[in-house]
Amino acid sequence: MMLQFVRPSKAAIARILGCRIADIRRFEAWKHVCFVVVAGRRPTLISFKAFQQDHLALRLQGAASVEVIESQDNHFGVFSHKTEKIYIVDTHVGSCTCPDWEFQLQKGLETPTCKHMIRVAQYIECAA
Ligand SMILES: [Zn+2]
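Keep in mind that this is a model prediction, so the values were computed, not measured. (Residues numbered from 1 in each chain as written. Predicted model: local features only at pLDDT ≥ 70, side-chain atom pairs only at ≥ 80, totals over all residues.)

J.: Before we go on, may I ask you to explain the sheet that holds strand β2 (residues 33-38) in this structure?
T.: The strands that make up a sheet pair up through hydrogen bonds in the backbone, lying either parallel or antiparallel. In space, the 3 strands of this open sheet follow the order β1-β2-β3, with antiparallel pairing throughout. Looking along the sheet, the strands with just one partner apiece sit at the ends: β1 (24-29) and β3 (44-47). The mean angle between the axes of side-by-side strands here comes to 25°, regardless of whether they run parallel or antiparallel. Here β1 runs beside β2; their pairing, made up of 5 bridges, is antiparallel. Counted as the bridge partner of Ile24 is Val38 from β2. Across the sheet, helix α1 (residues 10-17) touches β1, β2 and β3, and the angle it forms with β1 is around 105°. Against the sheet, helix α2 (residues 48-62) contacts β2 and β3, and its axis sits at roughly 60° relative to β3. (Pairing = 2+ DSSP bridges. Helix = DSSP H or I, 4+ residues; strand = E, 2+ residues; numbered from the N terminus. Axes fitted to C-alpha atoms, helices over the stretch in contact; angles between N-to-C directions. Contact = placed C-beta atoms within 7 Å.)

These results come straight from atomic positions and should not be treated as a statement about function.
Here's what the structure looks like:
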């Protein structure tokens, strides 16, 4: 998967540093790293690569809670137990109809990756 810029967020910082969101005093995205100030700790830097890994790890985890229920050509219907909705992954275009995919696209990610797409990739790999 391509390395791409994943915008730093308080939630991601909390997961990466193992701290509470409420304790994050401030963060600034610099050129290749994010400068973070957490209450009771020394100021620190988090690499953008760490944010990308966190982004994928979170969706890889989420892929376990969704399942491929139908497929036709390049279209896969993926059922989410959480929202009880079916999202359509188009492997030809590389898109999904879920809000997460749309959100990432709007944030400017070149290749948005959601848990449904990861689940479909796993499904195809298993079927091959
Ligand atoms: Zn999706």
